[in-house]
2 protein chains.
Amino acid sequence: MKFTPPPASLRSPLIIPEKIMMGPGPSNCSKRVLTAMTNTVLSNFHAELFRTMDEVKDGLRYIFQTENRATMCVSGSAHAGMEAMLSNLLEDGDRVLIAVNGIWAERAVEMSTRYGADVRTIEGPPDRPFSLETLAKAIELHQPKCLFLTHGDSSSGLLQPLEGVGQICHQHDCLLIVDAVASLCGVPFYMDKWEIDAVYTGAQKVLGAPPGITPISLSTKALDVIRNRRTKSKVFYWDLLLLGNYWGCYDEPKRYHHTVASNLIFALREALAQIAEEGLETQIKRRMECAQILYDGLGKMGLEIFVKDPRHRLPTVTGIMIPKGVDWWKVSQYAMNNYSLEVQGGLGPTFGKAWRVGIMGECSTVQKIQFYLYGLKESLKATHPDYVFEESNGFH
Amino acid sequence: MKFTPPPASLRSPLIIPEKIMMGPGPSNCSKRVLTAMTNTVLSNFHAELFRTMDEVKDGLRYIFQTENRATMCVSGSAHAGMEAMLSNLLEDGDRVLIAVNGIWAERAVEMSTRYGADVRTIEGPPDRPFSLETLAKAIELHQPKCLFLTHGDSSSGLLQPLEGVGQICHQHDCLLIVDAVASLCGVPFYMDKWEIDAVYTGAQKVLGAPPGITPISLSTKALDVIRNRRTKSKVFYWDLLLLGNYWGCYDEPKRYHHTVASNLIFALREALAQIAEEGLETQIKRRMECAQILYDGLGKMGLEIFVKDPRHRLPTVTGIMIPKGVDWWKVSQYAMNNYSLEVQGGLGPTFGKAWRVGIMGECSTVQKIQFYLYGLKESLKATHPDYVFEESNGFH
C-alpha cells in the first residue's frame, strides 16, 4: 500500500463564521433545527426514521394545505424538486406551457427541453404577474398537458396570484405545476382549494430548514397521470412511484429506494414543528408585517422596490433598486465585513439592478428587519458618502 | 386567511435514540462530523463555502488517489452519483456493458435502460468476482462505450479486483465506471494508476459522513466524452459540466447552478479531515484488522461467511450466513432492543440468507467489533437456545 500524502488544506480547523443570512435563501435556521442534525444517522428501515418521515408528511400537508397522500420529500435541492415534477409528468413530445418572467421558469424551460417535451412559453415582465385572462388564452391556444407557474419568484420578488388558475387548467385537461420555493409560509397557499396538481418548495427558504431536501406534493390527478405513463420516467432517483412507496404514500409494503438524508429529515421535522407550534396564520402575518416595516424603512432611505405595485410583492423576497451611481457590490461587501450581514445582489432580471432581501426562516422578526435597514444604511453611507437618505432624493 | 389546524403528531418532541450502526451503512459519524452540521447555513457564493468545497475536493482527490480536476460532489445520495455518471456518459443508443452480480449493478441496468442506452450485461455469482479474462472477452464481444463495475458490493460483501481492468477498457476505447460506494477507504483504491474513468462513493459508508451528498470524480477521458456529447445530458441537476463549473473544476468563472447542501459539505469536510489526519494506509489497515477479528470471532461461533474465499472478501461489509433453523429477524430485533445494535439483514442476493455487518465510519474499531460479536452471540442465544456456539456445529 502506498498513497500520495494527505492534503495540507485539511490540516487547519473548519471555521464557519456566524452570519445573518438575509438574502433570498438559504436563511438562518434555529438552534433547534441545527441541533436536530446531530442525532444518530439512521438506516433506511428504522422505525424512528419512518415515524419522523410520517410527521414530516403531516407537517407538509399542513403547510401545503392539502390532503394529498403523495406528499413527500426529494433528497436534493429545490432544483431537484422541479426536475422531479417535470420528469414524472412529462414524456417525450408532451406539451408543457411555461409562464416565463423570472429565472425559475427559465430553468423549467431548460429542464423540460432536455426531457424531450414540446415546450411552449408565454413571456411577461419580471415585475408584473400573469393575469388570469392571459393564462386562459395561452392554455386555449397551446392545449398543454401541464402549465408551469412560479408562485413567488426569488429572482424578482414578484408574487403570482394562483386563485382560479387551477380551475382554468382543469377545464382544459391540463395539470398545474407550481414552484412555491420562495413563497410557502410567507403568503397564503391552498393546494387543494386552488386545485394545484404539483408543487415543491424550498426547505432552506421560508421554512428555515437546511438545504438538501425538498418537499413536494402531487394531486390525485397528477398521480394518475404518472401511473398511466406510456414509458417509465427517465430518472430512477426521482421516480415518484418508487419514492412515494418508500415514503409510505401508497398503502403498499415499503421497498428500499435510496438512502435518504436522515439528518436533514430530522432538521426539517423540527422546522415544521416550529411552524405548527406558531401556526401558519401567525407566521404569515408576522412576515407580512415585517415586509411592511421593510418597505417603509426603505422608502425613508430613498430606496425603491423592484416590484412597484404593492399588491404584486412577495413579502418573503424584496428587490431593492440600486440607486444611480451606487456600486452594489461595495455596499454588500461592507455589510458583510462590518455587520456579518448578507445584503445579496440580484439574479436574472434583477442582476446588477437590485439587492434582494429575504424575510425567511429565523430572519422574519422586526428586530432583524431593523438590523437589516441599519446595516444597509450604514454600509451605503460608508461606501457612498454623497448618498442622500431621503425620499425622492433623485438617486433613481 | 383560514387554515386547517396543525397536525397533532408534531406536538411531541423529536427523540432519536443513540444506536450502534453496524449494518452496511449508514454508519455512525463522529461527534466532530455531526457538530460541523450546526454551523450557519451558507449561501451559494460565500467565500467560506467555496474554501470548504476546495478542501473537500483536496480530500476527495486524496481518497480517490487521483489528480482529476473534475472531482466534486453531487447533492444527493450515492444513487444520485450513479445516475450522474450514467446520464452524463451515455446518450440515446450508446452501448454500456454492466457486470451484474449484485443489486447495485442491477440498479445501473435499470437507470441506463431508462436513459435509452443499449444495455448489455454479463452475469456472475454474487460471491465470486469477474476475472480479467471474462471482462476482456465481454468487452471484445460487445464493444461498449462504457463498462460498469461494482468495486465492493454491499449487498454481498464481495470485492471485485480492479487492477488491469482500466487498461483492457482503454485498449477498446471503452470507459471504466466504478461504484466504490462501500469500498473506498476500506481497501486500497488508485483511480489514476488503475485508469478508472468515473467513480462515485458513499459519504455515509466508510467515510463516516452523513448521507445526502456524494463524492464523484471523472478522468480527463471521461470529461472529454461529456464535452463532446451530441446532445445535452437529460438531467440538468447533475449535468457535470454545470456542476463542475460551480465546484470550480474547470478554470471558468463560477456560475450558480443549484443551492448546495452547505451543512452536509461541512460534515463531509470534517470526515475527510479525520481521514487525512489518520492517513489512508492506517485507516485501511485498521479496517482489515477489524475484519480479521470479525471473521475469527464468527468462525468460533460456528457462523460462516457469505463470500467463502477470503481473497474476495470486502473488509468493510461481511455477509454472515444465517444458520439453519435460525430466524434472522428475531435475532436482529433482540440485538436492537437489548444492545441498540444494528444487526442488519440481507439485500438482493443475501436477502433472507445472511446478516450484513459493516466496518465503516466510527464502527471500525476492535472494541466495536467485539461488541458486535458479543451482541450477536447473546441475541442468538436468547432467541435460539438450541444453537451451538462451536465451529462445524452442523447448523450450516
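Not measured: the values here are computed from a predicted model.

Conventions we followed
- Residues numbered from 1 in each chain as written.
- Chains lettered and ligands numbered in written order.
- Predicted model: local features only at pLDDT ≥ 70, side-chain atom pairs only at ≥ 80, totals over all residues.
- Heavy atoms only, no water.
- Helix = DSSP H or I, 4+ residues; strand = E, 2+ residues; numbered from the N terminus.
- Buried < 20%, exposed > 50% of the residue type's maximum accessible area, 1.4 Å probe, protein only.
- UniProt positions renumbered as here; feature names shortened; annotations may be inferred.
- 1 Å grid on protein atoms, 1.4 Å probe; cavity = no way out; pocket = protein on both sides within 12 Å on 5 of 7 lines; lining within 4 Å.
- Points joined across faces, edges and corners; volume = space filled by probe spheres on them.
- Nonpolar A, V, L, I, M, F, W, Y, C, P; charged D, E, K, R; others polar.
- Polar contact = N/O pair within 3.5 Å; in protein donor to acceptor, adjacent residues only side chain to side chain.
- Contact = heavy atoms within 4.5 Å.
- Expected span 1.5 Å × (residues − 1).
- Least-squares fit on C-alpha atoms with pLDDT ≥ 70 in both.

Looking at the environment of A:F64
Residues and elements named next belong to chain A.
Then comes step 1: Here F64 lies in helix 2 (residues 47-64).
Then comes step 2: Residue classification places F64 among the buried residues on the basis of a relative accessible area of 0%.
Then comes step 3: Taking the C-alpha atoms as reference points, F64 and V199, 135 residues apart in sequence, are found 8.4 Å from one another.

Thoughts on the UniProt feature "binding site: substrate" (unreviewed entry) in chain A
Then comes step 1: Within this numbering scheme, the UniProt entry marks A:R356 as carrying the feature "binding site: substrate" (unreviewed entry).
Then comes step 2: Tracing the backbone shows A:R356 in strand 11 (residues 354-358).

Observations concerning empty space enclosed by the protein
All names here are of chain A.
Then comes step 1: Applying the stated rule across the entire model yields 3 cavities of 30 Å³ or more.
Then comes step 2: The volume enclosed by the largest cavity comes to roughly 40 Å³.
Then comes step 3: Lining the largest cavity are A99, N101, F130, L149, T150, H151, D153, L158 and Q160.
Then comes step 4: Residues that form the lining of the largest cavity fall into these classes: 4 nonpolar, 4 polar and 1 charged.

Looking at the side chain of B:E48
Then comes step 1: Along the polypeptide, B:E48 turns up in helix 2 (residues 47-64).
Then comes step 2: Side-chain polar atoms of B:E48 contact the side chain of A:K19, separated by 2.7 Å.
Then comes step 3: Apart from the residues lying within four places of it in its own chain, the contact partners of B:E48 are A:I16, A:P17, A:K19 and B:L42.

What about helix 2 of chain B?
All names here are of chain B.
Then comes step 1: Under the 1.5 Å per step criterion, the end-to-end length of helix 2 is 25 Å for 18 residues, consistent within 8% with the ideal 26 Å.
Then comes step 2: Summarising burial for helix 2: 14 of the 18 residues are buried, a large majority.
Then comes step 3: Q65 lies just past helix 2 and shows a positive phi near 55 degrees.

Re helix 3 (residues 78-89) of chain B
Then comes step 1: For helix 3 of chain B, which comprises 12 residues, the first-to-last C-alpha distance of 17 Å matches the rise-based estimate of 16 Å (1.5 Å per residue) to within 8%.
Then comes step 2: Extensive coverage of helix 3 of chain B is indicated by the burial of 12 of its 12 residues.

Thoughts on the relation of the copies chain B and chain A
Then comes step 1: Its rotation angle being 180 degrees, the transformation that places chain B on chain A also includes 0.0 Å of axial translation and leaves an RMSD of 0.0 Å. Such a turn and shift between the copies fits a two-fold axis. Across chain B, the rotation axis passes nearest the C-alpha of B:G76, at a separation of 2.6 Å.
Then comes step 2: The residues that chain B uses at the interface reappear at the interface of chain A in 100% of cases, marking a shared surface.

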